[in-house]
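Okay, here's what each chain looks like letter by letter:
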Amino acid sequence: AKVVSDYLHLQASDRSYCVFPLQYMYGLSTTLCSLWSDSHIMYNEFVQPDHIANDVVNHHITLLPILGEWSPALVQNWQARDYQPQRLLLINASDRLLYQQAQALLPFASEFWNNLGQTESAPRIFAVNLSQIEDLTTVSHQGIIAAGRPVHPEIRLRLSQQHDQQTGVLQYQTPFCMLGY
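Since the structure is predicted, the reported quantities are computational estimates derived from the model, not experimental observations.

Notes on helix H2 (residues 25–37)
Think of an α-helix as 3.6 residues a turn; residues three or four steps apart then line up on the same face.
Phase 1 of the analysis: With 13 residues, H2 extends 18 Å between its outermost C-alpha atoms, agreeing within 8% with the 18 Å of an ideal straight helix rising 1.5 Å per residue.
Phase 2 of the analysis: Residues of H2 that are buried include every one of Met 25, Tyr 26, Gly 27, Ser 29, Thr 30, Thr 31, Cys 33, Ser 34 and Ser 37, and no others.
Phase 3 of the analysis: As for H2, its buried residues are in contact with helix H1 (2–8), strand E1 (15–18), strand E2 (40–43), strand E3 (63–66), strand E4 (89–92) and strand E5 (111–116).

Description of the pairing of E1
In summary, the side chains of a regular strand alternate between the two faces of the sheet.
Phase 1 of the analysis: Where E1 meets E2, four bridges bridge the pair, whose relative direction is parallel. Across the sheet, the residue bridging to Ser 16 is Ile 41, located in E2.
Phase 2 of the analysis: Between the parallel elements E1 and E2, the chain passes through H2 in a crossover that is right-handed.

Remarks on the side chain of Glu 111
Phase 1 of the analysis: Inspection of the secondary structure assignment puts Glu 111 in strand E5.
Phase 2 of the analysis: For the buried Glu 111, no salt bridge exists, and the shortest N-O distance to an oppositely charged side chain is 4.8 Å, to Arg 87.
Phase 3 of the analysis: Separated by 2.8 Å, the side chains of Glu 111 and Trp 113 make a polar contact.
Phase 4 of the analysis: Residues contacting Glu 111, with those up to four places away along its chain left out, are Leu 8, His 9, Leu 88, Leu 89, Leu 90, Asn 129 and Ser 131.

About the criteria used
- Residues numbered from 1 in each chain as written.
- Predicted model: local features only at pLDDT ≥ 70, side-chain atom pairs only at ≥ 80, totals over all residues.
- Heavy atoms only, no water.
- Helix = DSSP H or I, 4+ residues; strand = E, 2+ residues; numbered from the N terminus.
- Expected span 1.5 Å × (residues − 1).
- Buried < 20%, exposed > 50% of the residue type's maximum accessible area, 1.4 Å probe, protein only.
- Contact = heavy atoms within 4.5 Å.
- Pairing = 2+ DSSP bridges.
- Right-handed = clockwise from strand over helix to strand, strands pointing away.
- Lys, Arg positive; Asp, Glu negative; His and termini not counted.
- Salt bridge = Lys/Arg side-chain N within 4 Å of Asp/Glu carboxyl O.
- Polar contact = N/O pair within 3.5 Å; in protein donor to acceptor, adjacent residues only side chain to side chain.

These figures capture arrangement, not role.
Take a look at the structure:
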């Protein structure tokens, strides 16, 4: 929680919206980051994107984990309301983020983070702040946004090429791995 709270620069004045159940990686992570940063957290059931978009505006949410597939509904709702947040950190919580999804959501985000991790890696290995990228095509391959860079200097990576020379295996070592893995 400390590593993620630090790279997101969470503040006590932030208001997180936990739309995922606690047993999901991003539900637990959002909760722990809010506790660590001493910020406010709002819980809701796993609801429809248009309801989430309304809640973000009505409750002045500053941190929102999202699924990329929600982007059309979020964008449509926020455009219709002329939503212009001063601070809104979006965090991709899906397995992959498409270029079109990121491009559509960027105008609403003060920061938009693409992340990758496994539940057992507690939960982030890679992250990139897309708001700092001038041209998203530089961090995309075949329409998919890259996962980013390691979130902590103690995360070690190794990419091994397979025999076909076109695929590889990513291996990582992290001090944040949960017990039992």
